[in-house]
Amino acid sequence: MTKSIHIGSLIKQFIDKKYLRRSDVAYSMGIPNTAIYAYEKRNSIQTDTLFRLCETLNHNFFMDIANALPKEYTQHSASDKDKLLAEQAKELHKLKLENDLLKELIMNKK
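Numbering of residues begins from 1 in every chain and follows the order in which that chain's sequence is written. A pLDDT threshold of at least 70 governs which residues receive local features in this predicted model, and a stricter bar of 80 or more applies before side-chain atom pairs are shown or counted, although totals over entire chains, interfaces and linings include all residues. To get the side-chain values, take all heavy atoms of the structure and skip hydrogens and water.

Asks: Explanation requested: the pattern of salt bridges in the structure shown.
Replies: Pairing between side chains of opposite charge can happen when the charged atoms of each approach one another. One speaks of a salt bridge when a side-chain nitrogen belonging to Lys or Arg is within 4 Å of a carboxyl oxygen belonging to Asp or Glu. Taken as a whole and judged by the stated rule, the model has 4 salt bridges. Of the charged contacts, one joins Arg 22 and Asp 16 as a salt bridge, the two residues approaching to 2.6 Å between their closest N and O atoms. One salt bridge in this structure joins Glu 40 and Arg 22, with 2.7 Å as the shortest N-O distance. Of this pair, Glu 40 sits in helix H3 (residues 33-41) while Arg 22 sits in helix H2 (residues 22-29), and the two are 18 residues apart along the sequence. The rule is simple: take the accessible area with a 1.4 Å probe, protein chains only, and divide by the maximum for that residue type; under 20% is buried, over 50% is exposed, in between is partly exposed. Its relative accessible area of 9% is what places Glu 40 among the buried residues. On the basis of relative accessibility, which here comes to 12%, the residue Arg 22 falls in the buried class. Connected via shared salt-bridge partners are Lys 12, Asp 16, Arg 22 and Glu 40. Secondary structure elements are defined from DSSP: runs of H or I of at least 4 residues count as helices, runs of E of at least 2 residues count as strands, and each element is numbered from the N terminus.

Written out as structure tokens, the structure reads:
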């Protein structure tokens, strides 16, 4: 089992590293500056809130979390998705050809 990832620590480290003022971050998010301090103390955070922090700070905290996970954990890569899309495109093309052929056969029987 992996050790716990403290989301608040990730947020705090980023803000400190970039020398950001918590009040500026809070203002950009439209929240009280005390909320930023509260986020930094939390072990976990709602996905929507973390996403808003990503947008505000222009940083991908989700990638930080993903990078902290063991390398043997599975993931879907873009290449897997590209392969699947290519296979589906081939199948769709094949089905369209079959459909056109069936339409032609039906029209010739009339």
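That was the structure; now back to the text.
Asks: So what exactly am I meant to see when it comes to unusual backbone geometry here?
Replies: Negative phi values dominate among residues other than glycine, just as trans dominates among peptide bonds. The phi dihedral of Tyr 19 falls on the positive side, at around 55 degrees, and the residue is not glycine. You can see Tyr 19 is positioned in the loop between helix H1 (7-17) and H2. Unlike most non-glycine residues, Asn 58 shows phi in positive territory, near 55 degrees. In this structure, Asn 58 sits in the loop between helix H4 (47-57) and helix H5 (61-68).

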